[in-house]
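# Examining the three-dimensional arrangement
One-letter residues, chain by chain:
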Amino acid sequence: MGVARRKEHRAAAATFLYAVVVLGVLAGGAGVRAFEDGTAVYIVTMKQSPVFHRRLNLEKLGNSRVTNAAGGGGGGAGDTPSTSVLRKPRHGSPKPMNYGSYLIRLQNLLLKRTLRGEHYIKLYSYRYLVNGFAVVITPQQADRLSRRKEVANVMLDYSVRTATTHTPEFLELPQGAWIQEGGPQFAGQGVVVGLIDTGIDPTHPSFADDLSTDNYPVPAHYSGICEVTNDFPSGSCNRKLVGARHFAASAITRGVFNASQDLASPSDSDGHGTHTASIAAGNHGIPVVVAGHQFGNASGMAPRAHIAVYKALYKSFGGFAADVVAAIDQAAEDNVDIISLSITPNRRPPGLAIFFNPIDMALLSAVKAGIFVVQAAGNTGPSPKSMSSYSPWIFTVGASAHDRVYNNYVVLGNNLTIQGVGLAPGTDGDCMYTLIAAPHALKNNTSSSPTELSLGECQDSSRLDADLIKGKILVCSYSIRFVLGLSSVKQALDTANNVSAAAVIFYLDPFVLGFQLNPTPMRMPGLIIPSSDDSKVFLTYYNDSLVRDETSGQIVSFGGVAKILGGLNPIYGNSAPKVMFYSARGPDPEDNSLSNADILKPNLIAPGSSIWGAWSSLGLDSAEFAGESFAMLSGTSMAAPHVAGLAALIKQKFPSFSPAAIASALSTTTTLSDRQGKPIMAQRTYSNPDSTQSPATAFDMGNGFVNATAALDPGIIFDCSYNDFFSFLCGINGSSPVVTNYTGNSCAASTMMGADLNLPSITIAVLNQTRTITRTVTNVAADESYTVSYSAPYGTVVSVTPTQFIIPSRQKQLVTFVLNATMNSSTASFGNVGFYGDKGHRAIIPFSVITKVAYSS
């Protein structure tokens, strides 16, 4: 208790200056006035090394006096054993805080000298991964700062947005990965997962630390604190939730921050952050009760791992890069092991290449610090080049379905059965109930105005005739207003209850196109018909069954009847996994002209559709789950924390693994077929996506579907260091000054391209006649003999050397691939390479060739 109090006290001191800015803006509207004056938020980076880079340089200098073993190619900032696959585990080494304070003083002095006597607002000081600051200034002031010799880069701030009970079983964790870790009560222990999201509900049982008799400690290497506010009181953190902060200065200064709704604290008023945190590392065996119904027990992927929350996104507006960079910088300084971001930029970053943006550059420094970084691919699929997570040092996750679905059905009086969605009970027995649409059940037989959409949507019970509806099935329209949050299923259910309806059925308005409905909790019998075609069939039956007066045309009686078969019990199929239509696709765009990068994205797919997860008691993101403690959501936002949790299991077993080694273990051990042994399929359209499926390519699913158990025993891995990423950036034409500005180090001559990075995949944007690619594998298991086999992408001939090799434990093997184009083509083609060990290990990497240029005859 004493330690917790000290950490909470320090939180108040550490955030004092930030609070002054926040309170000033909230009280006086300074943010609004500032932007009316033509100012904006700029992110400024300085040339002097940040705290972490300086510490690495000092360590390297000390090591070089003893041994000449350190160093690496590419002219980077000095790779160290901390970026090697066999490095020592990171630990809480002392931080040179005096140097950090010195950097802040230099930043302040720069501003004072450059903008002497002028108005500006400094929002953040970045010092650990990045030496720089966020500041509110005019474009003219930004230009003057950019011309200072101390300044490396000035960029305009930009906006970002947010992008289980059964999935542990679907991923076979209970009988696989968790067993290797000693069971769920030990899975992930000692690993800290840092989540940059919308905050957390600290009162949720998924984050309690008193559910077991053994009181596991806070990891010694973690040095973060728990911010204390009125919304996040003392005692909110514990041994499970080990740290929590919030970052909103950029948003507040812009005047978009709604203090009553967004909350200037780590508390989650959205729900998204609580949901993602529970998927990654929520406690095991937490009962999921929604709308009074029991849906099993929930667990995170690493239920014993620790959670640190860095709130930088908000319900009202999403978030901004300046706040996200501050969160990343703090998470790294706090020494988290994994960073999970279920966020993506709202637009492709401008500039020479998409990799050069403040968020990705901060994450590159985080990787240099030994932190594994995972990010959601984005929900902008299924179009090609829709990827929202670009850089090779970031592990990008797409969304797949899993094998559990909740379906309910309506059986009509003509014996036609229509499938629906709804976490709801069915009507009693085999009784058929009369159908009555809300517009046909108005009081005093009045008619509704065409503009009174809320009546057809069952949002207002005061206009409905309860005597007419009692005991019948109320029929409601599900319009675009539900998608926009202007109407809600919950309100319609209240209406149905107020007028004593036996059940409720929603038909899909024809204007709701390309929107996939998730199962929605209902306390009474009901369903939503998710198909516009099925909705037309339902309405035709209903209208044809109405009995009308031949003279007046008024309804005399309602002839349509139906019964609802409940959807509380899950159905398990064999066609999963499959790539969801919304999951962003490759190829990875290199820049705003949509040139193709030699980098495979996404890296893999993981469960992201209809995922149960914890829900904040204050959560407003999904009106259908308001007031509930769990919610079912879909998106790549749900897929990313699955992988973050699984990475924690790998980190626990292999504490010396570099971020690239963790990425390789996850990538090379994936599954390429569904539960029926057929190729994984990918949905291709928004409308009726299951009818437009085709086999998934590497640009849909990356290396494949994550296999957690296999990832804990990869056999061989493909390692990649910070120096390699540095050389890759230097190899981009014209990038030298940009790289220097962002990293503080000068580029040596580099011809390295993305395909040359030692990644567990090979992607070639343009195969101009012939190309030689090398990969180096490191054996992280016992001595083993491997055979290499491959399938060449269409229109290419491939040779591999060697095709067999024996690799001792902890040793490396170089493998060379020579690709020749046999035809001209601008159509992407795919193949793969398999490394098969005689002791059962298997590593598969995909080949992707986008454009081929053959020798002319």
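Under the Sequence similarities (unreviewed entry) heading, UniProt states for the protein: "Belongs to the peptidase S8 family." UniProt, in its Subcellular location (unreviewed entry) section for the protein, records the words "Secreted".

For the rest of this paragraph, the subject is helix α23 (residues 722-730). In terms of residue burial, α23 counts as a mostly covered element, since eight of its nine residues are buried. Taken residue by residue, α23 has Tyr722, Asn723, Phe725, Phe726, Ser727, Phe728, Leu729 and Cys730 as its buried positions.

Core analysis: the biggest nonpolar cluster contains 75 residues, and Ile196, Ile328, Ile339, Phe355, Trp393 and Leu729 have the highest contact counts within it. It is helix α12 (residues 321-333) that contributes the most residues to this core, nine residues altogether. Val288, Ala302, Tyr582 and Ala614 belong to the second largest nonpolar core, which has 73 residues in total.

Disulfide: a covalent bond connecting the sulfur atoms of a pair of cysteines. For the structure on display, the rule yields three disulfides. The disulfide bridge from Cys458 ends at Cys476, spanning 2.0 Å between sulfur atoms. When the S-S torsion is -100°, as for the bridge of Cys458 with Cys476, the disulfide is left-handed. Note that Cys458 is positioned in the loop between α14 (453-456) and α15 (466-469) and Cys476 in strand β21 (residues 473-478), a separation of 18 residues in sequence. Among the residues examined, Cys458 registers a relative accessible area of 1% and is labelled buried. Cys476 gets classed as buried once you look at its relative accessible area, which sits at 0%. Each bonded cysteine of the protein gets a number by its place in the sequence, and the pairs then read 1-2, 3-4, 5-6.

Looking at the protein as a whole, its pLDDT mean stands at 87, while 87% of the residues score no less than 70. Confidence over residues 1-6 falls short of pLDDT 50; this stretch has zero contacts with residues more than four positions distant or in other chains. A low-confidence stretch, residues 92-96 (pLDDT under 50), is modelled with nine contacts involving residues beyond four sequence positions or located in other chains.

Right, let's get into the packing of aromatic side chains. Here a ring pair, both rings aromatic, is described through the centre-centre distance and the interplanar angle of the planes. Using the criterion set out here, one finds 26 aromatic pairs in the structure. Ring geometry for Phe581 against Tyr686: centres 5.4 Å apart, planes inclined by 70°, an arrangement best described as edge-to-face. In this pair, Phe581 sits in the loop between β28 (578-579) and β29 (604-607) while Tyr686 sits in the loop between β32 (681-682) and β33 (694-695), placing the two residues 105 residues apart along the sequence. Centre to centre, the rings of Tyr722 and Phe726 are 6.3 Å apart; their planes meet at 40°, and the pair counts as tilted. Of this pair, Tyr722 and Phe726 both sit in helix α23, separated by four residues, roughly a single helical turn.

UniProt's entry tags Asp197, His272 and Ser637 with the feature "active site" (unreviewed entry), counted in the numbering of this structure. Of the residues just listed, which span 441 residues, no C-alpha pair is farther apart than 9.8 Å, and they cluster in one region. Within the secondary structure, Asp197 is located in strand β6 (residues 192-197). Apart from the residues within four sequence positions on either side, Asp197 is in contact with Thr162, His272, Gly273, Thr276, Tyr310, Lys311, Ala312, Leu313 and Ser342. Polar contacts involving the side chain of Asp197 include one to the side chain of His272, which spans 2.6 Å. Take His272: it is sitting in helix α11 (residues 272-281). If near-sequence neighbours (up to four positions away) are discounted, His272 is found in contact with Thr162, Ala163, Asp197, Thr198, Ser342, Trp615, Ser637 and Met638.

Moving on, we come to the pattern of salt bridges. Across all of its chains, the model carries 13 salt bridges by this definition. Of the charged contacts in the structure, one is a salt bridge between Arg144 and Glu118, with a shortest N-O distance of 2.6 Å. Placement of the pair is Arg144 in helix α6 (residues 139-146) and Glu118 in the loop between α5 (97-114) and β2 (121-126), with a sequence separation of 26 residues. For Arg144, a relative accessible area of 29% corresponds to the partly exposed category. Exposure remark for Glu118: the relative accessible area of 32% places this residue in the partly exposed category. Between Arg127 and Glu333 there is a salt bridge whose closest N-O contact spans 3.4 Å. Both residues of the pair, Arg127 and Glu333, count as buried. Within this structure, Arg585, Arg684 and Asp700 form a network of salt bridges that share partners.

Here Tyr120 is to be found in the loop between α5 and β2. Along the sequence, Tyr120 and Thr138 sit 18 residues apart, while their C-alpha atoms lie 8.4 Å from each other. In this view, Tyr120 contacts Leu111, Lys112, Leu115, Val135, Val136 and Ile137; residues no more than four positions away in its chain are not counted.

To continue, consider a nonpolar patch on the surface. Together, Ile480, Val483, Leu484 and Leu486 make up a nonpolar patch on the protein surface, roughly 360 Å² of accessible area in all. Along the chain, Leu486 turns up in the loop between α16 (480-483) and α17 (489-498). Judged by its relative accessible area of 56%, Leu486 falls in the exposed class.

Once that is clear, we can look at the sheet that holds strand β26 (residues 561-565). Adjacent strands of a sheet form backbone hydrogen bonds with each other and so pair up, either parallel or antiparallel. In space, the seven strands of this open sheet follow the order β19-β18-β26-β20-β21-β22-β23, with mixed pairing throughout. The strands lining the two open edges of the sheet, one partner per strand, are β19 (417-420) and β23 (526-528). When strand polarity is set aside, the average angle formed by the axes of neighbouring strands in this sheet is 30°. Of the strand pairs in this sheet, strand β18 (residues 408-412) and β26 are connected by four bridges, and their pairing is antiparallel. The partner of Val411 across the bridge, within β26, is Lys563. Packed onto the sheet, α17 meets β21, β22 (503-508) and β23 and runs at close to 140° relative to β22.

All right, on to α11 then. Within α11, ten of the ten residues are buried, leaving the element largely enclosed by the surrounding structure. Along α11, the residues classified as buried are His272, Gly273, Thr274, His275, Thr276, Ala277, Ser278, Ile279, Ala280 and Ala281. For α11, the elements touching its buried residues are β5 (159-162), β6, β10 (306-311), β30 (611-614), β31 (630-633) and α19 (636-653).

Turning our attention to the side chain of Ser761. Topologically, Ser761 is positioned in the loop between α24 (736-743) and β35 (762-768). Taking the relative accessible area as the measure of exposure, Ser761 reaches 8% and is therefore buried. Excluding its chain neighbours within four sequence positions, the residues that come into contact with Ser761 are Leu600, Asn703, Arg775, Ile845 and Pro846.

Time to look at the packing of α19 against helix α20 (residues 659-668). Axis separation between α19 and α20 bottoms out at 10 Å; the angle between their running directions is 110°. It follows that α19 is roughly perpendicular to α20 by the angle criterion. The handedness of the crossing between α19 and α20 is right-handed. Where α19 approaches α20, its residues Val643, Leu646, Ala647, Ile650 and Lys651 are matched on the opposing element by Ile662, Ala665 and Leu666. Looking at side-chain class alone, the contact of α19 with α20 contains seven nonpolar, no polar and one charged residues.

Criteria and thresholds
- Residues numbered from 1 in each chain as written.
- Predicted model: local features only at pLDDT ≥ 70, side-chain atom pairs only at ≥ 80, totals over all residues.
- Heavy atoms only, no water.
- UniProt positions renumbered as here; feature names shortened; annotations may be inferred.
- Buried < 20%, exposed > 50% of the residue type's maximum accessible area, 1.4 Å probe, protein only.
- Helix = DSSP H or I, 4+ residues; strand = E, 2+ residues; numbered from the N terminus.
- Core = buried A, V, L, I, M, F, W, Y, C linked by side-chain atoms within 4.5 Å.
- Disulfide = S-S within 2.5 Å.
- pLDDT = per-residue confidence, 0-100.
- Contact = heavy atoms within 4.5 Å.
- Phe/Tyr/Trp six-rings, centres within 6.5 Å; stacked < 30°, edge-to-face > 60°.
- Polar contact = N/O pair within 3.5 Å; in protein donor to acceptor, adjacent residues only side chain to side chain.
- Salt bridge = Lys/Arg side-chain N within 4 Å of Asp/Glu carboxyl O.
- Patch = residues over 30% accessible without salt bridge, like charges linked within 9 Å, V, L, I, M, F, W, Y side chains within 5 Å.
- Areas by Shrake-Rupley, 256 points an atom, 1.4 Å probe, with all protein chains shown as cover.
- Pairing = 2+ DSSP bridges.
- Axes fitted to C-alpha atoms, helices over the stretch in contact; angles between N-to-C directions.
- Parallel < 35°, antiparallel > 145°, perpendicular 65-115°, else oblique.
- Left-handed = near helix turned anticlockwise from the far one by under 90°.
- Nonpolar A, V, L, I, M, F, W, Y, C, P; charged D, E, K, R; others polar.

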